[in-house]
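Architecture and fold: a report
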Amino acid sequence: MGSWVRRGDHNIFFNVFTLLLCGAVAGVVVAAAAFPVAAMSGLTAKAGGDAFASLPSELKAFSAPEITRVYASDNKTLLAQFYDEFRSDVPLKDISKPMRDAMVAAEDRDFYKHNGVDLKGVARAVVNNSGKSDAKQGASTITMQWVRMSLAYSATSPQEVVDATEDTNKRKITEIKYAMQVEKKNSKEQILERYLNMAPFGKQTYGIYAASKVYFNKRPKDLTIGQAAMLAAIVRAPSFYDPTTKTGYDEIRQRRNAYVIPGMVEMGAITQAQAEKAKKEPIPRKVQQIGNGCVSVSNNTWGFFCDYFYRWWMDRPEFGATTFDRERRLKSGGYRIRTTIDLKATADARERVADLIKEKNKNALLLSGVEPGTGKVRFLVTNRKYKLDNSRNPLSSDPAKRRQGVKASYPNTVNPLLTGGGDITGYQAGSVMKIFTLIAALEKGYPLQYTIKAEKFYRSGYIIERSNDSACPGTHFWCPQNSGGGGEGVYNMWTGFGRSINTYFVPLEERVGAENVVGVAKRFGIKFRDPEDAKLAAPGSAQQWGAFTLGVSATTPLDMANAYATLAADGMYCDPTPIEQITTRDNEKLDIGKPHCERATSVDVARAALDAARCPVGDRSRLGSCGGATARQVRGVVGHPVFGKTGTTDKDRTASLIAGTTSLVVAGYLVNPDYQAHRDRLRHDQVNPAVYRTLADYMEGRPEVQFKRPENRKLVYGDQRRIPNVECDSLSRARNRLENAGFFVVVSTQEVDSTCPAGTAAGTEPSRRTVKNGVVVIQVSNGRTAQPPPTGPATPGLPSVPGLPSPPR
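Residues numbered from 1 in each chain as written. Predicted model: local features only at pLDDT ≥ 70, side-chain atom pairs only at ≥ 80, totals over all residues. Heavy atoms only, no water.

**Some points on the packing of aromatic side chains**
Tallied over the full model, the rule gives 22 aromatic pairs. Where F643 meets F707, the ring centres are 5.6 Å apart and the plane angle is 90 degrees; that geometry is what we call edge-to-face. One end of the pair, F643, is in strand β18 (residues 643-648); the other, F707, is in the loop between α26 (684-699) and α27 (714-717), with 64 residues separating them in the sequence. Here F643 and F707 have matching classes, each one buried. Cluster of aromatic residues (ring-pair linked, three or more members): F82, F309, Y310, W312, W313, F319 and Y335. Directly above the ring of Y71 sits R336, whose terminal nitrogen or CZ lies 3.9 Å from the centroid. (Phe/Tyr/Trp six-rings, centres within 6.5 Å; stacked < 30°, edge-to-face > 60°. Helix = DSSP H or I, 4+ residues; strand = E, 2+ residues; numbered from the N terminus. Buried < 20%, exposed > 50% of the residue type's maximum accessible area, 1.4 Å probe, protein only. Lys NZ or Arg CZ within 6 Å of the ring centre and 35° of its normal.)

Here it is in structure tokens:
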């Protein structure tokens, strides 16, 4: 042993030894050094009496803190690491022999001779420390030092930590007894390995793996004699022997060259020639900066995904009852975590975003990608740097925040813009929310073929403030209209969804019940983080939330990507997850974070809804006719069967597109996250290409997979009813007959050629059959005979309303 005591540990063992020998003369002490350890045990027993005998002889089981490493889905690329103490255990065989020898030379030269307590060292310490010298010696062996650290790490209360580390006689006696027991049950190699993996080396590094990385950026097995001697020299007093400071550099050089390396020669570990060479090895004045947490991700593009992982972990009760417990587990548990992030998809998505919008743009283009059937989050990207330093960010575009000096979120931010959390509750995304009304209608028995006569303005039964711009003139009823005006006509779910007709979906929501629509959204994972949204979505409050179908609720791209992915997964909602596999330091594989899925709607409802959702993105329905699209180019660019929806909010304050296949769903939002009441008009020509090009990149080279049809045909065609023949009836008689047959009747405002008298019914559209409660349009005759139609067999029941397929016969 023979090492000088660490600074701050002066006189510890002298006090203990005085207690043990009760004033015995130094000559007795020296003589006692010749006795075996049993003699020391006897002395200790006499001195400590029953107190010593009553001490437990077994250390509590414990695990020293270790680094948790987080990897990409390839299980090779390190994303980030989390730690309170930068430490990672390595076996002794992976630690160079010079490092093992150097540590013994520095801290305990009689390590291989004593049985845990070095009596010669005790004697030297007592004789030296009883004098007037300021250089006090200690007598803690490597085994005793390891015991001390073990007691601190196994502490379960603050008091136990104090007891394990304070300068008291009781603590030293405790260490002695534990050390002797440790030596009985463990080999010297085992003890040295544990010590090397726990010793402090300064710079927030603990254990030889961390020290090798930080000081020399190499593995412990590759350390040279000079490097090993320098590291061993640090352990005595890491702050004092810090080579990155001027005084520390000189001190560590002196201790390495004058004490540790000569000690290695004295032990026979190295030759004098090797020692002289080792003394000439350089000592680093700078050390490696080791990243900690998501702000230190290996590639900044991965920062927002890493942040999502961290927030996911902190929300999981499996890792502790409190957020403190969970963070401690993450930063000390030594886990190996394989995440779901697809690095290629992430890089492609970030490139697509960069092609369309700059990092210094106040608007954020947010892209999220989710795998259907698992909930695995494949990427989260935006035109922002994931960075704490916002000193160069301009002031917020929100006038109120600007007056308070609040910074904007660009170009640097660590806010969870894509996933929500903290102050981020989400963004209104517009008509992408209509999917929930469509699903609720299918669940209530309304088929895809269900028709509604949409008006330019629709007077709903939903009550709002009279002063609201959307109120019907002179009333408190909500009167929505279609984006851009117009849009009148008869629509079904294919055509209404394909062309995003507000005045189709609001009356459909009324018939289904807004509370049922909100219920579907909840089952599909919508969180309602905004307090006002949460109130409206609460049970008993949603009946009057008519505007919900038009997308006034705050959502995130991750929410909506996963909701649409539920359709592609045949109605199975899977909790979004960043986890492929969590493995403990003991190589135990945990099930936490694995796909957790439950049925959100029936298989047939999901397949029927998805068939309608093919229309907005330019794909062809397999069951009906789309009659229009709002993002027609998606199908052509992706080159695979696709589904999805566009969304635009009032005054174009946000623009969104969701597009997906059976393999991936991508949700893109273009928003101003700092000030959602802005006056800019955000364009689809930025968000749409980012979404469909990212999806196309992901699907390149993958086999084409077609969406499946529902088996329940009633979800498509409904309860078909025969339409009475009203040709040449008066309009009033024709209306009565059709209404009595259970149809919603509309009289056309345009006349058609017919042999019937002018002003009477020339026929209906459709003419033979349609769904129960569906729209039937009475065609009005102008009294002029039309040209005879081409001869040929009639096709009974063929509807001519756009989007209506031939019903089954």
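**A look at the state of the cysteines**
Under the definition given, this model contains 5 disulfides. Between the sulfur of C294 and that of C306 lies a disulfide, 2.1 Å long from S to S. Torsion about the S-S bond of the C294 and C306 cystine: about -80 degrees, corresponding to left-handed handedness. Of the two residues, C294 is situated in the loop between α13 (272-279) and α14 (303-314) and C306 in helix α14; the sequence distance between them amounts to 12 residues. Each member of the pair, C294 as well as C306, is classed as buried. The partner cysteine of C472 in its disulfide is C479, sulfur to sulfur 1.5 Å. Negative torsions about the S-S bond denote left-handed disulfides, and the value of about 90 degrees found for C472 with C479 makes this one right-handed. The connectivity of the disulfide bonds within the protein can be written as 1-2, 3-4, 5-6, 7-8, 9-10, using the sequence rank of each bonded cysteine. (Disulfide = S-S within 2.5 Å.)

**Observations regarding the sheet that holds strand β25 (residues 775-781)**
Judged by pairing direction, the sheet is mixed, and its 3 strands sit side by side in the order β22-β25-β23 without closing on themselves. Whereas interior strands pair on both sides, the edge strands pair on one side only; in this sheet they are β22 (744-752) and β23 (761-765). Each strand axis lies, on average, 30 degrees off the axis of its neighbour in the sheet, ignoring direction. The pairing of β23 with β25 spans 4 bridges and is classified as antiparallel. Opposite G763, over in β25, you have Q779 as the bridge partner. Together, β22, β23 and β25 form the strand contacts of helix α28 (residues 731-740), whose direction differs from that of β25 by roughly 165 degrees. (Pairing = 2+ DSSP bridges. Axes fitted to C-alpha atoms, helices over the stretch in contact; angles between N-to-C directions. Contact = heavy atoms within 4.5 Å.)

**What to know about the pattern of salt bridges**
Enumeration according to the criterion identifies 35 salt bridges in this entry. As a salt-bridge pair, E266 and R109 come within 3.4 Å of each other at their nearest N and O atoms. Residue E266 is found in helix α12 (residues 246-266), and its partner R109 is found in the loop between α4 (97-107) and α5 (119-129); the two are separated by 157 residues along the sequence. The salt bridge involving K376 is made with E580; its shortest N-O contact spans 3.0 Å. (Salt bridge = Lys/Arg side-chain N within 4 Å of Asp/Glu carboxyl O.)

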